[in-house]
Amino acid sequence: MDLIRIAPRCRVIIDNDWAGDPDGLLALAHHALSPANRIVGVTSSLTNPMFGPPEGMAHRGAGLAGELLRVLEHPESAVHAGPDSPFTGQPRNSAAADAIIGAARAAGGLPLILVCAGPLTNVADALLLDPGIAPLLTLAWVGGAARNNEEYNYCTDPAAADFVLSHQELAVWQFPAETYRQVVASVAELDHAFRNGGPAGEWLWKHFNSLHVPDFVKFGPLWCLGDSAPLVVTGLDDVTSAFTETATGPSRRTYTSVDTRLIMADFLAKLRLHQ
């Protein structure tokens, strides 16, 4: 039986440091399994040096994301890699920046949301090359915090974040650390879901278990799945979330809470239904 009919609500470009923390890959699977959004581009960014030397990591991440999309039998399996170095403030072309620009310039009929759950390097490069794309999309960013110098995605490329967030014509829906860290699941819940989630679950289980991290990182009984927070504005709905918003200019929202139960229950159900 097909899933009960759901009307598409947006197009999405998904950008992440796929070779870093695997919660990004879980979020990618969730987007790909969600009929309410239509993926029109996937791009891969540099990783934080905590995951090792960054050279080649954007391309490695592109390979991982593409492999997962093929396991999911998703038609958008081409993933475009960006540079392995932070934003320079100078124009530079990359496959990732070009893909973002191309998706923004393409006619689509549905609103376009650029979901970035990593450093904003590729977004900054695209905006520097073609500032005219800013009014054509909304950026949903997982990153930043009350104290930015302590937040991973901001700290990986602060120059890119400062450049993007200062763009006056860009609508931004931000999921800061205080909010995205609310999205948690128990390791036992994830383990059970992956073991019973068919080929996609098996693939995710493998990558959650093979993550290489520094010795000082110790895993506890919970796993933060903060990269899934933007699902409330793409594949689901933010009716049970809360945010503050500026009154003038392009939409600038800061989400203060998201419905973790909704996000997790929806993902686990879709993973089971996909088998």
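Residues numbered from 1 in each chain as written. Predicted model: local features only at pLDDT ≥ 70, side-chain atom pairs only at ≥ 80, totals over all residues. Heavy atoms only, no water.

A. Broad picture of the overall build of the protein. Within the protein, the regular secondary structure consists of 10 helices and 10 strands. In terms of overall dimensions, the protein has a C-alpha envelope of 45 × 45 × 35 Å along the principal axes. A buried classification covers 55% of the 275 residues belonging to the protein. Considering only residue pairs separated by 6 or more positions, the protein has 79% of its internal contacts joining residues 24 or more positions apart. For the protein, the exposed surface amounts to about 12,000 Å²; the carbon and sulfur share of it is 56%. Side chains of the protein carry 18 positive and 29 negative charges; the gap between the two charge centres is 4 Å. (Helix = DSSP H or I, 4+ residues; strand = E, 2+ residues; numbered from the N terminus. Buried < 20%, exposed > 50% of the residue type's maximum accessible area, 1.4 Å probe, protein only. Contact = heavy atoms within 4.5 Å. Areas by Shrake-Rupley, 256 points an atom, 1.4 Å probe, with all protein chains shown as cover. Lys, Arg positive; Asp, Glu negative; His and termini not counted. Charge placed at Lys NZ, Arg CZ, Asp CG, Glu CD.)

B. Examining the pairing of strand β5 (residues 138–142) more closely. Burial runs high along β5: five of the five residues are buried. Neither face of β5 is left uncovered, since the one carrying Thr-138, Ala-140 and Val-142 and the one carrying Leu-139 and Trp-141 both have all their residues buried. Pairing of strand β4 (residues 112–116) with β5, which is carried by four bridges, proceeds in the parallel orientation. The residue bridging Cys-116 from the neighbouring strand is Trp-141, located in β5. Between the parallel elements β4 and β5, the chain passes through helix α4 (residues 121–129) in a crossover that is right-handed. Bridge count between β5 and strand β6 (residues 171–175): five bridges; the pairing is parallel. For Ala-140, the partnering residue across the bridge sits in β6 and is Trp-173. (Pairing = 2+ DSSP bridges. Right-handed = clockwise from strand over helix to strand, strands pointing away.)

C. Fine view of helix α1 (residues 23–32). Across the 10 residues of α1, 10 count as buried, placing the element largely inside the fold. Of the residues making up α1, those classed as buried are Asp-23, Gly-24, Leu-25, Leu-26, Ala-27, Leu-28, Ala-29, His-30, His-31 and Ala-32.

D. Representation of the packing of aromatic side chains in the model. For the coordinates displayed, the defined rule picks out five aromatic pairs. With a centroid separation of 5.0 Å and an interplanar angle of 35 degrees, the aromatic rings of Phe-87 and Phe-163 are classed as tilted. Here Phe-87, found in the loop between β3 (80–81) and α3 (95–105), pairs with Phe-163, found in helix α6 (residues 158–165); they are 76 residues apart in sequence, far enough to count as distant. When its relative accessible area of 10% is taken as the criterion, Phe-87 is described as buried. Ring plane angle 50 degrees and centroid distance 5.2 Å describe the contact between Phe-194 and Phe-208, whose orientation is recorded as tilted. Remark: Phe-208 occurs in helix α9 (residues 198–209) and Phe-194 occurs in helix α8 (residues 187–195); sequence separation between them is 14 residues. In this structure, Phe-194 and Phe-208 share a single accessibility class: buried. Linked through ring pairs, Phe-175, Phe-243 and Tyr-255 together constitute an aromatic cluster. It is Arg-253 that lies over the ring of Trp-173; its NZ or CZ is 4.2 Å from the centre. (Phe/Tyr/Trp six-rings, centres within 6.5 Å; stacked < 30°, edge-to-face > 60°. Lys NZ or Arg CZ within 6 Å of the ring centre and 35° of its normal.)

E. Inspection of the nonpolar core at higher detail. Residues Phe-175, Leu-190 and Leu-225 are the most contacted members of the largest nonpolar core, which totals 58 residues. At seven residues, helix α2 (residues 57–71) tops the list of elements feeding residues into this core. Ignoring sequence-local partners within four residues, the contact set of Leu-190 consists of Leu-26, Ala-185, Phe-208, Trp-223, Leu-225 and Met-264. Counting residues in hydrophobic clusters, the runner-up holds 26 residues, among them Ala-124, Leu-127, Ala-134 and Tyr-154. (Core = buried A, V, L, I, M, F, W, Y, C linked by side-chain atoms within 4.5 Å.)

F. Expanded view of the pattern of salt bridges. For the structure on display, the rule yields eight salt bridges. Across the pair Asp-266 and Lys-270 runs a salt bridge whose closest N-O atoms are separated by 2.8 Å. Placement of both Asp-266 and Lys-270 in helix α10 (residues 260–273) is noted, with a separation of four residues, approximately one turn of the helix. With respect to class, Asp-266 is no different from Lys-270; both count as buried. Each of Asp-238, Glu-245 and Arg-253 takes part in one network of salt bridges that share partners. (Salt bridge = Lys/Arg side-chain N within 4 Å of Asp/Glu carboxyl O.)

G. Main features of the UniProt feature "domain: Inosine/uridine-preferring nucleoside hydrolase" (unreviewed entry) in the protein. Feature annotation in UniProt assigns "domain: Inosine/uridine-preferring nucleoside hydrolase" (unreviewed entry) to the following positions: residues 36–207. Along residues 36–207, the helical share is 41% and the strand share 16%, with 26 Å between the first and last C-alpha atoms. (UniProt positions renumbered as here; feature names shortened; annotations may be inferred.)

H. Local environment of the packing of α1 against α10. Between α1 and α10, the shortest axis-to-axis distance is 10 Å and the interhelical angle comes to 70 degrees. As judged from the angle between their axes, α1 and α10 are roughly perpendicular. Together, Leu-26, Ala-29 and His-30 of α1 and Ile-263, Asp-266, Phe-267 and Lys-270 of α10 make up the contact between the two elements. By residue class, the composition of the contact of α1 with α10 is four nonpolar, one polar and two charged. (Axes fitted to C-alpha atoms, helices over the stretch in contact; angles between N-to-C directions. Parallel < 35°, antiparallel > 145°, perpendicular 65-115°, else oblique. Nonpolar A, V, L, I, M, F, W, Y, C, P; charged D, E, K, R; others polar.)

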